[in-house]
Amino acid sequence: MADLPTIRWGIVTTGLIASWFVEDLVLNRPDAKVKHIIQSIGSSSLEKGQKFAKQYCPTQTPQLYDSYEKVYNDPNVDIVYIGTPHGYHYRDCLQAIAAGKNILCEKSFAINAKQAKEVFDAAKKKNVYIAEAMWLRHRPLYRKLQELLHQDKVIGEVTRVYSDFAVELDIPSLPSTSRYKDLSLGAGSLLDIGVYSLTWLAGGLEERGSENTELPRIMASQRHEDGIEVSTVAILEYPDGRQGVSSCTTKAKGAPSRIFAVYHGTDGHIEVSGDAPSVPESFTVWARQKDSGSADKVLFDKEDYEKKEYTFPKVGRGFVWEADNTALDVLEGRKESKIVPWATTMHVLEIMDEIRRQGGTVYPGE
Ligand SMILES: NC(=O)c1ccc[n+]([C@@H]2O[C@H](COP(=O)([O-])OP(=O)(O)OC[C@H]3O[C@@H](n4cnc5c(N)ncnc54)[C@H](OP(=O)(O)O)[C@@H]3O)[C@@H](O)[C@H]2O)c1
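Residues numbered from 1 in each chain as written. Predicted model: local features only at pLDDT ≥ 70, side-chain atom pairs only at ≥ 80, totals over all residues. Heavy atoms only, no water.

Considering the overall build of the protein
Logical step 1: Helix and strand counts for the protein come out as 9 helices and 14 strands.
Logical step 2: For 366 residues, the compact-globule formula gives about 21 Å, and the C-alpha radius of gyration of the protein, at 21 Å, lands near that figure.
Logical step 3: Dimensions of the protein, computed from C-alpha atoms along their principal axes, come out at roughly 70 × 50 × 40 Å.
Logical step 4: For the protein, the residues scored as buried account for 54% of the 366 residues in total.
Logical step 5: Contacts in the protein between residues far apart in sequence, at least 24 positions, make up 70% of those at least 6 positions apart.
Logical step 6: Only carbon and sulfur atoms are counted for the fraction: they give 50% of the accessible area of the protein, which is about 16700 Å². (Helix = DSSP H or I, 4+ residues; strand = E, 2+ residues; numbered from the N terminus. Rg over C-alpha atoms; globule rule 2.2 N^0.38 Å. Buried < 20%, exposed > 50% of the residue type's maximum accessible area, 1.4 Å probe, protein only. Contact = heavy atoms within 4.5 Å. Areas by Shrake-Rupley, 256 points an atom, 1.4 Å probe, with all protein chains shown as cover.)

Here it is in structure tokens:
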């Protein structure tokens, strides 16, 4: 640990996801690539900061601030982690950039692509690092899946993908200030969890992060209750005919099988499962055997396939890979993440913009 490069984090908010992220930053790991220091914590109140530091990073002594701006202006902070609700990401990123800070900002990165573009333009001008904290893309499971799909082509050419993220939330019972209810905070299932379904689709239908990734044709429908978008279904169709179905809802629990994404290829299938699409645990490859089945067999028969399961161990809350990769980006002087480049964030937001245009979800100020 002593010889590892060190990075000093400024943590903005004491919310749920900030607590998970900090727990992982301070995790004692034999394979850590970076030593993570919690340099400072900014919150709406000092008391919250004190409680948070005591509970989630008791072995460290961060400077506690009663505002986010004080974190941005702390000269000892190398990178700011922003964990406010997504309606505030645009504001908070612009303020941190103005102070010259590098940034890792939670998903969804902004409310729309226009906001994200402004933030990336400002970061470029100021020459600071900024990346969306789409932790899923950093996970070894997601990266192995991409390798098997696109390099090894274990199921041939991917032709279709579907992915669903379902959680059951009792939104009417929540206070009006909840980020699940307040539109100015970005309330709605698409930006909160649908962004994961789209990321699983992209994992199969798109090679990651090209500036030239074409926007697929999109057909979408959204359902609203009390003005909040609670269900989204979107069909994505690419110019070469590949199709994906992405869905999300806050009105139902996920499938009992725990399978949340399925990839179909010319030579097989892959099923991905776990507690939720944000916390995948394993996937199963069903690769068609060369001498399999007769041509008139139209339904799946497991006798015709070779089955291989890939299971990935849990490490902390699952943020360690994102934390190390981001720290190394900054320490090595990069301005964009190699794993979640700006083009990737823009592309997903452009898809979500179009889904919302068709589905009729509009946020304040749009
Ligand atoms: N990566 C993931 O798996 C994951 C999971 C859940 C959420 N997220 C993302 O992380 C962000 C935060 O989600 P969360 O679940 O951590 O939310 P949360 O528990 O409600 O925390 C958000 C924090 O933001 C601060 N805040 C500032 N203004 C606020 C306002 N008007 N209303 C509520 N909070 C306000 C508060 O911190 P202070 O009082 O300390 O200032 C609050 O604790 C969202 O963008 C969400 O999409 C990511």
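Structural notes on empty space enclosed by the protein
Logical step 1: Counted according to the given criterion, the structure contains 4 cavities of 30 Å³ or more.
Logical step 2: In terms of lining residues, the second largest cavity is bounded by 13 residues, among which Tyr 180, Gly 188, Ser 189, Asp 192 and Thr 250 are the most central.
Logical step 3: Of all the secondary-structure elements, those providing two or more residues to the lining of the second largest cavity are α7 (189-205) and β9 (228-237).
Logical step 4: Of the residues contributing to the lining of the second largest cavity, the split by class is 5 nonpolar, 5 polar and 3 charged. (1 Å grid on protein atoms, 1.4 Å probe; cavity = no way out; pocket = protein on both sides within 12 Å on 5 of 7 lines; lining within 4 Å. Points joined across faces, edges and corners; volume = space filled by probe spheres on them. Nonpolar A, V, L, I, M, F, W, Y, C, P; charged D, E, K, R; others polar.)

A few points about unusual backbone geometry
Logical step 1: For the peptide bond that leads from Lys 107 to Ser 108, omega is -20°, which places it in the cis range.
Logical step 2: Of note in the backbone geometry, Thr 13 takes a positive phi value of approximately 95° without being a glycine.
Logical step 3: Within the secondary structure, Thr 13 is located in the loop between β1 (6-12) and α1 (16-25).
Logical step 4: In this model, Asn 127 sits at a positive phi of 60°, which is unusual for a non-glycine residue.
Logical step 5: Checked against the element boundaries, Asn 127 lands in the loop between α5 (113-126) and β6 (130-133).

Re the sheet that holds strand β8 (residues 217-225)
Logical step 1: An order of β8-β9-β10-β7-β11-β12-β13-β14 is seen for the 8 strands of this open sheet, with the pairing classed as mixed. Only two strands of the sheet have a single partner each, and these edge strands are β8 and β14 (305-311). The average angle at which neighbouring strand axes cross in this sheet is 10°, direction not considered.
Logical step 2: Alignment of β9 against strand β10 (residues 243-249), held across 7 bridges, turns out to be antiparallel. Across the sheet, residue Leu 236 finds its bridge partner in β10, namely Gly 244.
Logical step 3: Lying over the sheet, helix α6 (residues 140-151) contacts β7 (158-166), β11 (259-265), β12 (268-276), β13 (279-288) and β14, oriented at roughly 20° with respect to β13.
Logical step 4: Set on the sheet, helix α9 (residues 342-359) makes contact with β8 and β9; between it and β8 the angle comes to about 60°. (Pairing = 2+ DSSP bridges. Axes fitted to C-alpha atoms, helices over the stretch in contact; angles between N-to-C directions.)

With respect to the packing of aromatic side chains
Logical step 1: Counted by the stated rule, this structure contains 14 aromatic pairs.
Logical step 2: Between Trp 9 and Phe 21, the ring centres sit 5.2 Å apart and the planes meet at 80°, which makes this aromatic pair edge-to-face. Taken together, the positions of Trp 9 in strand β1 and Phe 21 in helix α1 put the pair 12 residues apart, joining distant regions of the chain.
Logical step 3: For Trp 9, a relative accessible area of 0% gives the class buried. (Phe/Tyr/Trp six-rings, centres within 6.5 Å; stacked < 30°, edge-to-face > 60°.)

A word on the site of the ligand
Logical step 1: Around the ligand sit 23 residues, and of these Thr 14, Ser 43, Ser 44, Lys 48 and Tyr 68 come closest.
Logical step 2: In this structure, Ser 43 approaches the ligand through a side-chain N or O atom, which is 2.7 Å from an oxygen atom.
Logical step 3: A distance of 3.1 Å separates a nitrogen atom of the ligand from a polar atom in the side chain of Glu 106.
Logical step 4: Protein chains bury 81% of the 890 Å² of accessible surface belonging to the ligand in isolation.
Logical step 5: One can see that the ligand is located within the largest pocket.
Logical step 6: Elements with a contribution of two residues or more to the shell around the ligand: α1 and α7.
Logical step 7: A breakdown of the residues in the shell around the ligand according to their chemical character gives 9 nonpolar, 9 polar and 5 charged.
Logical step 8: Looking at which domains feed residues into the shell around the ligand, each of domain 1 (6-136 + 318-338) and domain 2 (139-316 + 349-359) gives three or more. (Near = heavy atom within 4 Å. Polar contact = N/O pair within 3.5 Å; in protein donor to acceptor, adjacent residues only side chain to side chain. Sits in = over half its atoms within 2 Å of the grid points. Domains from an automatic or database assignment.)

Observations concerning the pattern of salt bridges
Logical step 1: Applying the stated criterion to the full structure yields 26 salt bridges.
Logical step 2: The shortest N-O distance in the salt bridge between Asp 92 and Arg 91 comes to 2.8 Å.
Logical step 3: Judged by relative accessible area, Asp 92 falls into the buried class, the value being 0%.
Logical step 4: Classification of Arg 91 as partly exposed rests on a relative accessible area of 34%.
Logical step 5: The closest approach of N and O atoms between Glu 147 and Lys 144, which form a salt bridge, is 3.2 Å. In this pair, Glu 147 and Lys 144 are both assigned in helix α6, 3 residues apart and thus about one turn of the helix distant.
Logical step 6: Residue Glu 147 is classed as partly exposed on the basis of its relative accessible area of 30%.
Logical step 7: Here Lys 144 falls in the partly exposed class, since its relative accessible area comes to 26%.
Logical step 8: Counted as one network, the salt bridges with shared partners bring together Lys 107, Arg 179 and Asp 192. (Salt bridge = Lys/Arg side-chain N within 4 Å of Asp/Glu carboxyl O.)

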